[in-house]
There are 2 protein chains.
Amino acid sequence: MPHGQSLVEQLRDNGLKLTPQRHLICQLIENNHDHPTVDDLYEQATAVMPSMSLKTVYTTLYELAGLGAIRLVNVGTGGFRVECNLSPHSHLVCRSCGKVMDVPVDPAEHADLSVLKEYDFEVEQREIIFRGLCGECAGRAGEGPGA
Amino acid sequence: MPHGQSLVEQLRDNGLKLTPQRHLICQLIENNHDHPTVDDLYEQATAVMPSMSLKTVYTTLYELAGLGAIRLVNVGTGGFRVECNLSPHSHLVCRSCGKVMDVPVDPAEHADLSVLKEYDFEVEQREIIFRGLCGECAGRAGEGPGA
DNA sequence: GTGGTAGTCAACAGTCGTTGTTATTTAACA
DNA sequence: TGTTAAATAACAACGACTGTTGACTACCAC
Ligand SMILES: [Mn+2]
Ligand SMILES: [Mn+2]
Ligand SMILES: [Zn+2]
Ligand SMILES: [Zn+2]
């Protein structure tokens, strides 16, 4: 519950109409504490409301992101992911299966560096990504072909 | 000069034929101490060798990356960038113009955290991105329309 | 209620970055 | 110089995303 408000409340409070499409997309996001792709959400949405258009999913996600209700992150796995977890954290990204997991590493604590003052650059946001292999994929790689 | 060897030397030492296309692409990369996109390189290449195919640029970049001679980084600006600087560093990414700049912040020093041990994940690589506005873009935003 | 108006939507074509296929050409080496 | 496996240009196709358009839907003034 980001900002203590549900996604639908945030939509309404910002003068956006609460259409059935938006309502459904908000529900799907709130029930998903992962990092779904746009296509994940589209598939879940069409299962309930077959007329839902992919464009509407994109548009609604950009609206929610514009409100600061969600974030759209790109970890280099092709297509962005929907980030429902607004608390500061970092990501583990599996280079084999593309899974994205949260780690409680606050970038503001680990990457707030004075050396940046020397650059003509206004830092607004810090991001830390740990790339490697998730347990499942590392396990699979370790198993030989048997005999 | 990564590994003390030129890119063409690394190609040859790994049994790859030294074609004029590969030679040109290597030169372009070594003369470019920025973070060119694939299209940047393609345009520069066709200026010299008009028959060069975009596919060949991609293929050659993946070969060089496979050898560890360059890195291909994705900072979420659409399409990856060619990273010629193999020393450990982090990036400033302008959200307005997409420029990517190096900062001498070694991720291994600032993001090598014991909390990661608790996760079933083999970290291979750490990455820190600072997002914001470059000096030029920040300046432009500050200027009002004048009268 | 009727008409106006702004917001929203599905459908669908188009863009951009990237990859697959294949027939032709070529670098490397005998 | 001939042989051969590797590399290339050409081009179609793909996935992720965006632009356009015309229909539909509150919402409001009268
Ligand atoms: Mn997350
Ligand atoms: Mn760099
Ligand atoms: Zn994995
Ligand atoms: Zn900029």
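Note that the structure is predicted; figures quoted are calculated from it, not measured.

(A) Seen up close, the overall build of chain A. Looking only at helices and strands, chain A features six helices and five strands. Reading the secondary structure of chain A in the N-to-C direction produces α-α-α-α-β-β-β-β-α-β-α. Dimensions along the principal axes, computed over C-alpha positions, put chain A at roughly 55 × 55 × 25 Å. Classification of the 147 residues of chain A by burial places 40% in the buried group. Counting contacts in chain A only where the partners sit at least 6 residues apart, residues at least 24 apart contribute 45% of the total. Element-wise, carbon and sulfur atoms account for 49% of the exposed surface of chain A, whose accessible area totals about 8000 Å². If you average the places of the 12 positive and of the 20 negative side-chain charges in chain A, the two averages end up 4 Å apart.

(B) Seen up close, the coordination of the manganese ion (ligand 2). Residues and elements named next belong to chain B. Looking at the manganese ion (ligand 2), one finds its protein donor set to be His35 (NE2), Glu83 (OE), Glu83 (OE), His89 (NE2), His91 (NE2) and Asp102 (OD), positioned 2.0 to 2.8 Å from the metal centre. Taken together, the six donor atoms surrounding the manganese ion (ligand 2) define angles of 52 to 179° at the centre, an arrangement classified as irregular. Here the donor residues of the manganese ion (ligand 2) are spaced in sequence according to H-x47-E-x5-H-x1-H-x10-D. Here Asp102 lies in strand β4 (residues 100-103) and His35 lies in the loop between α2 (20-30) and α3 (38-48), a separation of 67 residues in the sequence. Judged by relative accessible area, which is 4%, His35 ranks as buried.

Criteria and cut-off values
- Residues numbered from 1 in each chain as written.
- Chains lettered and ligands numbered in written order.
- Predicted model: local features only at pLDDT ≥ 70, side-chain atom pairs only at ≥ 80, totals over all residues.
- Heavy atoms only, no water.
- Helix = DSSP H or I, 4+ residues; strand = E, 2+ residues; numbered from the N terminus.
- Buried < 20%, exposed > 50% of the residue type's maximum accessible area, 1.4 Å probe, protein only.
- Contact = heavy atoms within 4.5 Å.
- Areas by Shrake-Rupley, 256 points an atom, 1.4 Å probe, with all protein chains shown as cover.
- Lys, Arg positive; Asp, Glu negative; His and termini not counted.
- Charge placed at Lys NZ, Arg CZ, Asp CG, Glu CD.
- Donors = N, O, S within 2.8 Å, 3.2 Å for Na, K, Ca; no water.
- Tetrahedral: all angles 85-135°; square planar, octahedral: opposite > 155°, others 65-115°.

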